[in-house]
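# Chains, contacts and geometry: an overview
The chain contents come next:
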Amino acid sequence: MKSLVLKWMAVLLVLAMAFPAFAEEFALRNGILFGDKKEVVFQKEKTLKRESSDSNWFQGKIAGYVGASCGFYFDNEDKLESVCYSFGPAVCYNSDEMNSVYKTLTESLKRKYGNPIGNTGGLVEPITGPAFESLKEWYDIMYKFWDNGAVDYINYDEWAVDCGNYNVKIDIVSFYVRKENYNYQYFVYVSYHKYTEDDYKEAANEAAMKANKEREEVDNDM
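What you are looking at is a predicted structure, and each value in this text was computed from that prediction instead of being measured. (Residues numbered from 1 in each chain as written. Predicted model: local features only at pLDDT ≥ 70, side-chain atom pairs only at ≥ 80, totals over all residues. Heavy atoms only, no water.)

## What about the overall build of the protein?
- Within the protein, the regular secondary structure consists of 5 helices and 7 strands.
- For the protein, the N- to C-terminal ordering of α and β elements is α-α-β-β-β-β-α-α-β-β-β-α.
- The burial tally for the protein puts 44% of its 222 residues in the buried class.
- Long-range pairs, those at least 24 residues apart, make up 60% of the contacts in the protein between residues at least 6 apart in sequence.
- Element-wise, carbon and sulfur atoms account for 48% of the exposed surface of the protein, whose accessible area totals about 12,400 Å². (Helix = DSSP H or I, 4+ residues; strand = E, 2+ residues; numbered from the N terminus. Buried < 20%, exposed > 50% of the residue type's maximum accessible area, 1.4 Å probe, protein only. Contact = heavy atoms within 4.5 Å. Areas by Shrake-Rupley, 256 points an atom, 1.4 Å probe, with all protein chains shown as cover.)

Pasting the structure below:
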């Protein structure tokens, strides 16, 4: 386990040197900032329509695509900690359009934040935002409720932005959902998640321990 933990710490140090740095607050859409209270976020969000009076999701035109959605995620103190954009079947009406949307958004993220982190020894970064978590939720739905369904990701890229006192993890993922009637739906999700160095170290340690446990389970039977 020690070697795996050290590996994660080495990855952390390498990535830290590669993270783009921002001297100012990380600005989200419409001047929304991480740490804004819920009522402040909803006051600032003037270009999208709230889905319902008790929903944290809004719909409208995002990045030039009509029919997209934006979700705001808050911590226990009602402070903003994550934002997620969803480009679902209303935008990605077939696989070609999904790939086109993914390419357009990825190129925009590259222009703003540089090249993505890339492959880190076959591992997804231990800190992930709602985009990647949403993909996991679709997997859970498939295994629990569908006998002949399928969910699989097509593309995935990630960035980590150093903002001084905190970091921002950016994830973009494209995937398809095949329901039991063999009806395909296509999605692209983009998310922004605020985290600290301590959050990263804790997640890296948990990932290392999980990997070690899985390896031991195999090795014990060999």
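## Side note on unusual backbone geometry
- Positioned with a positive phi, Ala-63 is a non-glycine residue whose angle comes to about 55°.
- With respect to the helices and strands, Ala-63 occurs in the loop between strand S2 (57–62) and strand S3 (65–74).
- Residue classification places Ala-63 among the exposed residues on the basis of a relative accessible area of 55%.
- The backbone of Asp-78 sits at a positive phi, close to 65°, despite the residue not being glycine.
- Structurally, the position occupied by Asp-78 is in the loop between S3 and strand S4 (80–87).

## Quick look at the side chain of Ser-82
- In this structure, Ser-82 sits in strand S4.
- There is a polar contact of 2.6 Å between the side chain of Ser-82 and the side chain of His-193.
- Apart from residues no more than four positions distant in its own chain, Ser-82 is found in contact with Phe-34, Gly-71, Phe-72, Tyr-73, Pro-130, Tyr-192 and His-193. (Polar contact = N/O pair within 3.5 Å; in protein donor to acceptor, adjacent residues only side chain to side chain.)

## Digging into the nonpolar core
- Grouped together as the largest cluster of nonpolar side chains are 53 residues, with contacts concentrated most on Phe-26, Phe-72, Phe-87 and Tyr-192.
- A total of 7 residues in this core trace back to one element, the largest contributor, which is strand S6 (residues 167–178).
- Excluding anything up to four places from it in sequence, Tyr-192 contacts Phe-26, Leu-28, Phe-34, Glu-81, Ser-82, Val-83, Tyr-85, Leu-109, Tyr-113, Val-168, Lys-169 and Ile-170.
- Membership of the second largest hydrophobic core comes to 6 residues, among which are Ile-127, Ala-160, Tyr-195 and Ala-203. (Core = buried A, V, L, I, M, F, W, Y, C linked by side-chain atoms within 4.5 Å.)

## A look at the layout of surface pockets
- Taken as a whole, the second largest pocket holds about 210 Å³ of empty space.
- Residue lining of the second largest pocket: Ile-62, Ala-63, Tyr-85, Phe-87, Thr-104, Leu-105, Ser-108, Leu-109, Lys-112, Val-190 and Tyr-192, and that is the complete set.
- Of all the elements in the fold, those that place two or more residues in the lining of the second largest pocket are S4, helix H3 (95–113) and strand S7 (184–195).
- A per-element tally of the lining of the second largest pocket places H3 first, with 5 residues.
- Residues that form the lining of the second largest pocket fall into these classes: 8 nonpolar, 2 polar and 1 charged. (1 Å grid on protein atoms, 1.4 Å probe; cavity = no way out; pocket = protein on both sides within 12 Å on 5 of 7 lines; lining within 4 Å. Points joined across faces, edges and corners; volume = space filled by probe spheres on them. Nonpolar A, V, L, I, M, F, W, Y, C, P; charged D, E, K, R; others polar.)

## Digging into the pattern of salt bridges
- Summed over the entire model, instances satisfying the criterion amount to 8 salt bridges.
- Note that Glu-45 is salt-bridged to Arg-29, the shortest N-O span being 2.5 Å. Of this pair, Glu-45 sits in the loop between helix H2 (38–44) and strand S1 (49–50) while Arg-29 is found in the loop between helix H1 (2–18) and H2, placing the two residues 16 residues apart along the sequence.
- Glu-45 sits in the buried class, given a relative accessible area of 4%.
- Residue Arg-29 is classed as buried on the basis of its relative accessible area of 15%.
- Among the salt bridges present, the one from Glu-77 reaches Lys-79, with a minimum N-O distance of 3.6 Å.
- When its relative accessible area of 32% is taken as the criterion, Lys-79 is described as partly exposed.
- Connected through salt bridges with shared partners, the residues Glu-158, Lys-169 and Asp-171 form a single ionic network. (Salt bridge = Lys/Arg side-chain N within 4 Å of Asp/Glu carboxyl O.)

## Some thoughts on the environment of Ser-82
- By relative accessible area, which is 3% here, Ser-82 ends up buried.
- C-alpha separation for the pair Ser-82 and His-193, spaced 111 residues apart in sequence, amounts to 4.4 Å.

## Overview of the confidence of the model for the protein
- Residues at a pLDDT of 70 or more form 85% of the protein, whose mean pLDDT is 84.
- Residue range residues 1–18 is modelled with pLDDT below 50. Its contacts to residues more than four positions away, or to other chains, number 28 contacts. (pLDDT = per-residue confidence, 0-100.)

## As for the state of the cysteines
- For the structure on display, the rule yields 0 disulfides.
- Free cysteine: Cys-70, not disulfide-bonded; nearest cysteine sulfur from Cys-84 at 8.0 Å. (Disulfide = S-S within 2.5 Å.)

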